[in-house]
Amino acid sequence: IINEEFSILDFERSLIIHIDNIIPVEISFCVGYVALMSDLEVLILKLESDPKNGESVNHQPHKTNNSMKQTEDVNNETLQLESDDFVICQKPMELLGEKSSQSGISVTLESTGLADEKTNYYHVQHLLYKRFAPDISSYVFSDDIKLHSLQLLPIYQTGSLTSDRKNLSQEKELLSLFCFFSLPHVGYLYMVVKSVELMSVYQYPEKSQQAVLTPQFLHVIASNNLQCFTVRCSAAAAREEDPYVDTTLKACPPVSMDVCALRIQLFIGLKAICHFKNHLILLTKADPEAVPERRESPKRL
């Protein structure tokens, strides 16, 4: 702090996460949770701080263990077979909790900050690993079976309200955290805070391009329409806050209730979607090839 009216906050790189055997195409970070997504794989991690134990952070990140060696051997065999005009497709897999550490993906932390008494050391907790397998029987292109729209959605508890509608405490406490990712025709919603479990599966009537998750709705765009689906995030968060809430007086639906499509709105040339508070921002672009050329009328003398 230079003076009372002017202050400078400087950021320093303090932690590097080294991840092997996966090539992320999207990364999402939220309150210590990290979600990684490749074309057909999803990995969710939690960084837990431990100010007393510094042994959990490795300062030499590139260590080779038996699982990494086995994975490298499998990759080498796969490349050798693929070079002989064979394509190897791995089986679909879902590992929850600590079992997700057996996915073969190596995660190592490297501390780069200066060590002092206030330094927080971190260790990794594996929460979810899910791998999809392409359906080669349908003869679809590889671009049609890639994951998209990875998102971590937190719901906070900000404290109780007084009679004048003011919060007693302004500190936000994480109540629930949800992870969403989607294939072109199917979307998946997981709850990942206290226990990792699959909440909802969304079936799209058309091939999706992008999706945005909010506490109330799931918005999905296709090439020519915007689709809106119900979600159970708010209901799950309400039951985390009050486990004895019923479905009669407070009208809180059960988390296990099936989701449904609410509306499909037609648009022309949808390309991207973004959500901010209570607003949706859509980016559209008309295809110039679809616009017919205008014929100039002959000029009259």
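Owing to the predicted nature of the structure, the values given are computational and were not obtained by experimental measurement.

Cut-off values and rules
Residues numbered from 1 in each chain as written. Predicted model: local features only at pLDDT ≥ 70, side-chain atom pairs only at ≥ 80, totals over all residues. Heavy atoms only, no water. Salt bridge = Lys/Arg side-chain N within 4 Å of Asp/Glu carboxyl O. Helix = DSSP H or I, 4+ residues; strand = E, 2+ residues; numbered from the N terminus. Buried < 20%, exposed > 50% of the residue type's maximum accessible area, 1.4 Å probe, protein only. Contact = heavy atoms within 4.5 Å. Pairing = 2+ DSSP bridges. Axes fitted to C-alpha atoms, helices over the stretch in contact; angles between N-to-C directions. Core = buried A, V, L, I, M, F, W, Y, C linked by side-chain atoms within 4.5 Å.

Engineer: So what's going on with the pattern of salt bridges? Which residues, and what values?
Structural biologist: Counted according to the given criterion, the structure contains three salt bridges. E94 is the partner of K130 in a salt bridge, and the nearest nitrogen-oxygen pair spans 3.4 Å. Here K130, found in strand 7 (residues 121-131), pairs with E94, found in strand 5 (residues 93-96); they are 36 residues apart in sequence, far enough to count as distant. Accessibility expressed as a relative area gives 12% for K130, which makes it buried. For E94, a relative accessible area of 38% corresponds to the partly exposed category. In this structure, E240 engages K194 in a salt bridge whose closest nitrogen and oxygen atoms are separated by 3.2 Å.

Engineer: Explain the environment of F178 to me, using residue names and the numbers behind them.
Structural biologist: Inspection of the secondary structure puts F178 in strand 9 (residues 173-182). Taking the relative accessible area as the measure of exposure, F178 reaches 0% and is therefore buried. Taking C-alpha positions, F178 is 9.2 Å from M199, a pair spaced 21 residues apart along the chain. Discounting chain neighbours no more than four positions away, the residues touching F178 are Q151, L152, L153, I155, L189, Y190, M191, M199, C233 and A236.

Engineer: Provide a residue-level description of the sheet that holds strand 9, including the pertinent values.
Structural biologist: Two pairing modes exist for strands in a sheet, parallel and antiparallel, and in both the strands are linked by backbone hydrogen bonds. Taken in spatial order, the four strands make up an open sheet running 8-9-10-11, and their pairing is antiparallel. Among the strands making up the open sheet, the edge pair consists of strand 8 (148-157) and strand 11 (197-203). The average angle at which neighbouring strand axes cross in this sheet is 20°, direction not considered. In this fold helix 2 (residues 233-241) packs onto strand 8, strand 9, strand 10 (186-191) and strand 11, with an angle of close to 150° to the strand it touches most, strand 9.

Engineer: Before we move on, can you summarise the environment of S234 with the specific residues and values?
Structural biologist: By the secondary structure assignment, S234 is in helix 2. For S234, a relative accessible area of 33% gives the class partly exposed. Separated by 18 residues in the primary sequence, S234 and C252 place their C-alpha atoms 8.8 Å from one another.

Engineer: Could you give an account of the nonpolar core, with specific residues and numbers?
Structural biologist: Counting 21 residues, the largest nonpolar core has I44 and F181 as its most contacted members. Taken together, the elements giving at least two residues each to this core come down to strand 3 (33-37), strand 4 (41-50), strand 7, strand 8, strand 9 and strand 10. Ignoring anything within four residues of it in the chain, the contact list for I44 reads V34, A35, Q125, H126, L127, L128, C179 and V192. Residues L153, I155, L175 and Y202 belong to the second largest nonpolar core, which totals 19 residues.

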